[in-house]
Amino acid sequence: MPRYPRYVCADCVALATDEHGRGVQFFNTGVLGTGCAGSYRADQTAYPSDQCWINGQHCTAKEARFGGIVIEVVDDE
């Protein structure tokens, strides 16, 4: 996708973890698909970051342009 060149596919998004390997998920906070927040998958408690790791790759979650969430690999160079 030109707007999100480092976009992570839905299958890989399901593998997102915090830096300690605990599963996380991201969602919109507004009813119109705006905002971005995270929670731990196991117990739905708040995850206070937009950073995650997928198969060892550092990633970040953010609100997509027209709503929804997009996760992209971070270019750590």
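Here, the structure is the one placed above.
Since the model is a prediction, treat every value here as computed from it, not as a measurement.

Even after reading the chapter, I still don't get the sheet that holds strand S2 (residues 37-40), so can you show me in this structure?
Strand order in this open sheet of three strands is S1-S2-S3, and the pairing throughout is antiparallel. Because the sheet does not close on itself, it has two edges, and the strands there are strand S1 (24-27) and strand S3 (46-47).

Got a minute to help me understand the environment of Ala-61 in this structure?
Locating Ala-61 in the fold gives a position in strand S5 (residues 57-63). In this structure, the C-alpha to C-alpha distance between Ala-61 and Ser-49, residues twelve residues apart in sequence, is 8.8 Å. Residue contacts for Ala-61: discarding those within four places in its chain leaves Phe-26, Cys-36, Asp-50, Ile-69, Val-70 and Ile-71.

In this structure, what is going on with the side chain of His-58? I would like to understand it.
By the secondary structure assignment, His-58 is in strand S5. Here the side chain of His-58 touches Gln-51 through a polar contact of 2.5 Å, side chain to side chain.

In this structure, what is going on with the environment of Val-73? I would like to understand it.
Within the secondary structure, Val-73 sits in strand S6 (residues 69-73). Placed twelve residues apart in sequence, Val-73 and Ala-61 show a C-alpha to C-alpha distance of 9.1 Å. Beyond its immediate chain neighbours, meaning those up to four positions away, Val-73 contacts Arg-6, Val-8, Gln-57, His-58 and Cys-59.

Criteria and thresholds
- Residues numbered from 1 in each chain as written.
- Predicted model: local features only at pLDDT ≥ 70, side-chain atom pairs only at ≥ 80, totals over all residues.
- Heavy atoms only, no water.
- Pairing = 2+ DSSP bridges.
- Helix = DSSP H or I, 4+ residues; strand = E, 2+ residues; numbered from the N terminus.
- Contact = heavy atoms within 4.5 Å.
- Polar contact = N/O pair within 3.5 Å; in protein donor to acceptor, adjacent residues only side chain to side chain.

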